[in-house]
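Take a look at the letters that make up each chain.
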Amino acid sequence: MSERLEFRCGRSTVRIMSNVTNLNQFRKTKARSDKRAKADENAVKFGRTKAQKDLEKAQAEKAKRDLDGKSTT
């Protein structure tokens, strides 16, 4: 969807190629890009890998077992 424009200035002719931009597509693309960047930020800030979650769960269970083993009631 491009259009050629010609302007005559004296004896010379100037040709300009214009590109039509769909602003709705541009807006949606920018919104997707911003959303993806925010998701990456949150993944770094809050995300943990499955291995990290499993390790923390195992450490919590071991701490609970150790505490139960030391109680003298």
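Residues numbered from 1 in each chain as written. Predicted model: local features only at pLDDT ≥ 70, side-chain atom pairs only at ≥ 80, totals over all residues. Heavy atoms only, no water.

**Considerations on the overall build of the protein**
For the protein, the count of helices and strands is two helices and two strands. For the protein, buried positions account for 0% of its 73 residues. For the protein, the accessible area works out to roughly 7,500 Å², and carbon and sulfur atoms hold 54% of it. (Helix = DSSP H or I, 4+ residues; strand = E, 2+ residues; numbered from the N terminus. Buried < 20%, exposed > 50% of the residue type's maximum accessible area, 1.4 Å probe, protein only. Areas by Shrake-Rupley, 256 points an atom, 1.4 Å probe, with all protein chains shown as cover.)

**Overview of the pattern of salt bridges**
Inspection of every chain in the model, using the stated rule, returns four salt bridges. A salt bridge links glutamate 56 to arginine 48; the shortest N-O distance between them is 2.1 Å. Under the relative-accessibility criterion, arginine 48 is labelled partly exposed at 43%. Here lysine 62 makes a salt bridge to aspartate 66, at a shortest N to O gap of 3.0 Å. Of the two residues, lysine 62 and aspartate 66 both sit in helix H2 (residues 50–70), four residues apart, roughly one turn of that helix. Aspartate 66 sits in the partly exposed class, given a relative accessible area of 36%. (Salt bridge = Lys/Arg side-chain N within 4 Å of Asp/Glu carboxyl O.)

**Some words on the confidence of the model for the protein**
When pLDDT is averaged across the protein, the result is 84; 82% of the residues are at 70 or more. Per-element averaging of pLDDT across the protein places strand E1 (residues 2–9) at the bottom with 67 and helix H1 (residues 23–46) at the top with 93. (pLDDT = per-residue confidence, 0-100.)

**Description of a positive patch on the surface**
Taken together, the side chains of Arg27, Lys28, Arg32 and Arg36 present a region of like positive charge at the surface. Topologically, arginine 27 is positioned in helix H1. (Patch = residues over 30% accessible without salt bridge, like charges linked within 9 Å, V, L, I, M, F, W, Y side chains within 5 Å. Lys, Arg positive; Asp, Glu negative; His and termini not counted. Charge placed at Lys NZ, Arg CZ, Asp CG, Glu CD.)

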